[in-house]
Amino acid sequence: MSDAKRTDGGATAAPEMPFGLPTWVGGVTPLLLLGVVVAGFLLLNPFAGLETGAAPPDLTVTHTSLPNDETVVLHVTNNGPEPVTVSQVLVNDAYWDFTLYAGGEATDSLGSVESGRIVVPYHWTEGWDIHTAIVLSDGATFSHTIVAPAVSPGLTGELLGLLAVVGLFVGVIPVALGMLWFPVMRRLSRRALHGTLAFAVGVLSFLAFDAGFEAFELAAEMPGAYEGSLLVVLGIAGALLLIQAVSKWQADDASHLRVAYLVALSIGLHNLAEGLAIGSSISLGQVSLGAFLVVGFMVHNVTEGPAVVAPVAEGERPSLWHFGALGLVAGAPVILGGWIGSAAFSPTLGALFLAIGVGAILQVNWEIGRMVHDRGSLGTVTNVLAFLLGLVVMYATDLLVVL
Amino acid sequence: MPDGPRGDDGARKATGNDESGDGPTSAAATRRPAGDRADAAEVTESLTERLVSTVRADAAVSRRAVLGGLGLAGASALGLSGSVSADAEHDETPSPHGASGTVGEYRSADFDPHSFLREFDTGTVTVEDGQRVREFEFAASLREIEIAPGVTFPAWTYNGQVPGPTIRAVEGELIRIRFTNGQRHPHTIHPHVKNVNPRMDGIPQNGPGVLEQGEDFVYEWKAQPAGCHLYHCHSMPLKEHIHRGLYGAMIIDPDPERVRSRPRDYVNYHGPMTDDLRAELVEEAELRNHEYRADEVDELVMVMNGFDTNFDGDNEVYAVNTRAFAYGVADTDAAAGEWTAGETIRPIRIRRDERQRVYLVNAIEFDLINSFHTHSQFFDYYDHGTTLKPTHKTVDTIMQCQAQRGIIELDYGDHQPGLYMFHAHQSEFAELGWMSFFEVQS
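Residues numbered from 1 in each chain as written. Chains lettered and ligands numbered in written order. Predicted model: local features only at pLDDT ≥ 70, side-chain atom pairs only at ≥ 80, totals over all residues.

## A word on the sheet that holds strand 6 (residues 105-107) of chain A
Residues and elements named next belong to chain A.
And step 1. Reading across the sheet, the 5 strands line up as 1-2-8-5-6 and stay open at both edges, with antiparallel pairing between neighbours. Because the sheet does not close on itself, it has two edges, and the strands there are strand 1 (59-68) and strand 6. With direction set aside, neighbouring strand axes in the sheet form an average angle of 30 degrees.
And step 2. Two strands pair when backbone bridges link them, and strand 2 (residues 71-78) and strand 8 (residues 115-121) are joined in this way by 7 bridges, in the antiparallel orientation. Each bridged residue has a counterpart across the sheet, and for T71 the counterpart in strand 8 is P121. (Pairing = 2+ DSSP bridges. Helix = DSSP H or I, 4+ residues; strand = E, 2+ residues; numbered from the N terminus. Axes fitted to C-alpha atoms, helices over the stretch in contact; angles between N-to-C directions.)

## As for the domain arrangement of chain B
Residue and element names in this part refer to chain B.
And step 1. Looking at chain B, the domain boundaries give domain 1 (36-88), domain 2 (115-254) and domain 3 (298-441).
And step 2. Once you take the C-alpha centre of each, domain 2 and domain 3 turn out to be 23 Å apart.
And step 3. Contacts between domain 2 and domain 3 engage 27 residues on the former and 29 residues on the latter.
And step 4. Within the residue set of the side of domain 2 that touches domain 3, elements represented by two or more residues are strand 2 (131-148), strand 3 (151-158), strand 8 (227-232), helix 8 (238-243) and strand 9 (247-253).
And step 5. Considering only residue class, the side of domain 2 that touches domain 3 consists of 18 nonpolar, 6 polar and 3 charged. (Domains from an automatic or database assignment. Contact = placed C-beta atoms within 7 Å. Nonpolar A, V, L, I, M, F, W, Y, C, P; charged D, E, K, R; others polar.)

## Focus: the packing of helix 2 (residues 157-179) of chain A against helix 9 (residues 320-331) of chain A
All names here are of chain A.
And step 1. The interhelical angle for the contact between helix 2 and helix 9, taken along N-to-C directions, is 135 degrees, at an axis separation of 8 Å. On the basis of their axis angle, the class for helix 2 and helix 9 is oblique. Every pair of crossing elements has a handedness; the one defined by helix 2 and helix 9 is right-handed. Taking contact as the criterion, the partners of G171, V172, V175, A176 and M179 in helix 2 are, on helix 9, F323, G327, A330 and G331.
And step 2. Of the residues in the contact of helix 2 with helix 9, the class split is 6 nonpolar, 3 polar and no charged. (Parallel < 35°, antiparallel > 145°, perpendicular 65-115°, else oblique. Left-handed = near helix turned anticlockwise from the far one by under 90°.)

## So, unusual backbone geometry
All names here are of chain B.
And step 1. Between Q224 and P225 the backbone carries a cis peptide bond, its omega angle lying at -10 degrees.
And step 2. Locating P225 in the fold gives a position in the loop between strand 7 (216-222) and strand 8.
And step 3. For the peptide bond that leads from M236 to P237, omega is 0 degrees, which places it in the cis range.
And step 4. With respect to the helices, strands and loops of the structure, P237 is situated in the loop between strand 8 and helix 8.
And step 5. Residues other than glycine seldom take positive phi values, yet F366 does so here, at roughly 80 degrees.
And step 6. Mapped onto the elements of the fold, F366 is located in the loop between strand 15 (355-362) and strand 16 (369-374).

## Quick notes on helix 10 (residues 275-288) of chain B
One full turn of an α-helix is made of 3.6 residues, so residues set three or four places apart face in the same direction.
Residues and elements named next belong to chain B.
And step 1. Between its first and last C-alpha atoms helix 10 spans 20 Å; for 14 residues at 1.5 Å apiece the expected length is 20 Å, and the two agree.
And step 2. Among all positions of helix 10, only L281, V282, E284, A285, L287 and R288 are buried.
And step 3. For helix 10, the secondary structure elements touched by its buried residues are strand 9, helix 9 (256-261) and strand 10 (297-307). (Expected span 1.5 Å × (residues − 1). Buried ≥ 20, exposed ≤ 12 C-beta atoms within 10 Å, placed from the backbone.)

## A short note on helix 12 (residues 381-398) of chain A
Residues and elements named next belong to chain A.
And step 1. An ideal rise of 1.5 Å per residue puts 26 Å on 18 residues; helix 12 measures up with 25 Å between its terminal C-alpha atoms.
And step 2. Listing the buried residues of helix 12 in full gives N383, A386, F387, G390, M394 and T397. Projection of helix 12 onto a plane perpendicular to its axis shows the buried side chains occupying an angular sector of 105 degrees, all on one side. For helix 12, the exposed residues set more than 90 degrees away from the buried face come down to V381, V392, Y395 and A396. (Arc of directions from axis to C-beta.)

Below you can see the structure in the form of structure tokens.
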């Protein structure tokens, strides 16, 4: 790129442009030439001999929904470079009636990277797996099994209310309870406080791994054209860098309250993804939230409370409304995530939210680490063991949560 | 309409009834009467009520009950809210349970299973040194064929069609086939007749072996024994060469004169050969022979086949004569017990005052057996068609392994006009295309 020529920044002796051309012409010229080469390539097609045949069709069933016990809806995306024609649909090894909707109308084909819904009027039985297969015009089949089907609840006020209650129990209340350790933390010695912060970093690191693996798992379900794994990488790096840039922009020195808010934000993003998982599981009819699961979430999330308030444990106590705000920022996204997940779940959305959460956590870990480092020493025995303890506690409580 | 012709629709309805088909879960959700959508709201309401009362009753585990009930409550909430869109979708399909079968009509005219049914290739007859010779031209080629509406399959074909042409000859003749392979893979024709010259067996180990692209060979087979037979390619890998489409029926009509002189060759019977029995056998032979009286019988060729469209060693499409559901009905109104015929998908029309004879050949690959079952009808079955007395008398289901074949003699003279189903009684095959109807006309 032409910018490369100017990496000397403010150097006064900038080299002359060839032929005395203006700099912007030099910047645009390579792009123009690229355009010419691409056009020539498209027109002349010099590599025609390399075309060994059409790419195989690639159709993905991203997810399914079951609006009632007489309808099966397959959400499909064409990942291939060529349009595909959906000729027939098999349900449990039988040809069955169906209609493909794409772009708001009934059709029989999907363009490249186009998504659609295949609506199958089929009277299924709750709990009995539904094996579906989509038969394309060339006989290629793409199958998808709906395990333990149950009616997916539609988006109703009642469901939103219930999800809000679930979010309150799973997100807000445990975080708020965890924050009640604040007075104790105020009385801790600096060494113990740093240990607490290291514990918080351990907690967050565990969440980063947890969410990261989950994001990559979801990415595998994503339509291939979206390059799921790379989208996750982009989400992680993007969130990390954006939050870093924003926090740098606001202030160069890390105010403790700001760090607390960053922790709350990153935990909130993680909890958003958690809510997404809960909401989508319910909307796909895959889970009944038993007491054990909810207790698991609560125990798991209660450790997030001290992580949020640890940065402000030293020094002047922020006013009380800050605590309320921190708790909401960290916990309430579970509710929001639940709503989003139940309304419009897709693996792409899920993976992206998870990745953003991971990026936010990595950034905040770095921030806390720097805070501890600035005020003392990071690698003390206490801190290292507290970090490990954070990981272990999260692992142990994570065993209670299997969604 | 009387009950008889609607038997199958009745059977299908039963799957939506109270007694059958419900899983171990949530009896209330599934126990409502089929098709009665007005009840849905009521049922979901009662579900919600039940949930609430459970929560109240079980205070000790209240949280569990509340949260455990979430899914259920949500489901019932949907039942209430989702009915509008569900109704809209059901405007298109008359049955609330959806309709089985393929969607749409066949689009290409590469093959017409309805005319194939009654097409017999009798070749060109000449006499050489007193021996009747029947000559045929066969060529192997690659062709895209439509096997289900909108679904094509790259088939290897004899004379551009799957199944290949139905060869028809008379017992004692010499069948002479000039075979040219125009396809890139090596092919042969292997006959299922009593062939006494190993050079003519059409296998890689004998005679010319396999024929490469552009090569040709003249096969000569003695037309014996009389019966319903099969020919197919015997190149390796055999599974692929058969299932890609290289097979067809070969019918050898009994010679009434030979039957008169050697009646015991045509019946599995060891009692005295009376004149009456001999005359009966001769008459049956005449009714089988296309140069005598076979035109008095409505003769139908049915080759049971299947297609593995995704190369997983399992058939995605089953059919008689290649096209899934080609002899089915285009639309079924299961709630009213009514049907409509389509352009390409329609029942086989038969007359009740005529006898029907089905030459049935099983060319299925990947599955161990195939079968033929008639609704409301029993038939006589002649395994391999080599006898003139049935090998199975008064049956409504027969099964065949691969390459097994036989003759089915049907009589709908007692039946009221209407629709009579026949299909493979492997439900899987039936639902994947091997489902057909006779439309009996007065």
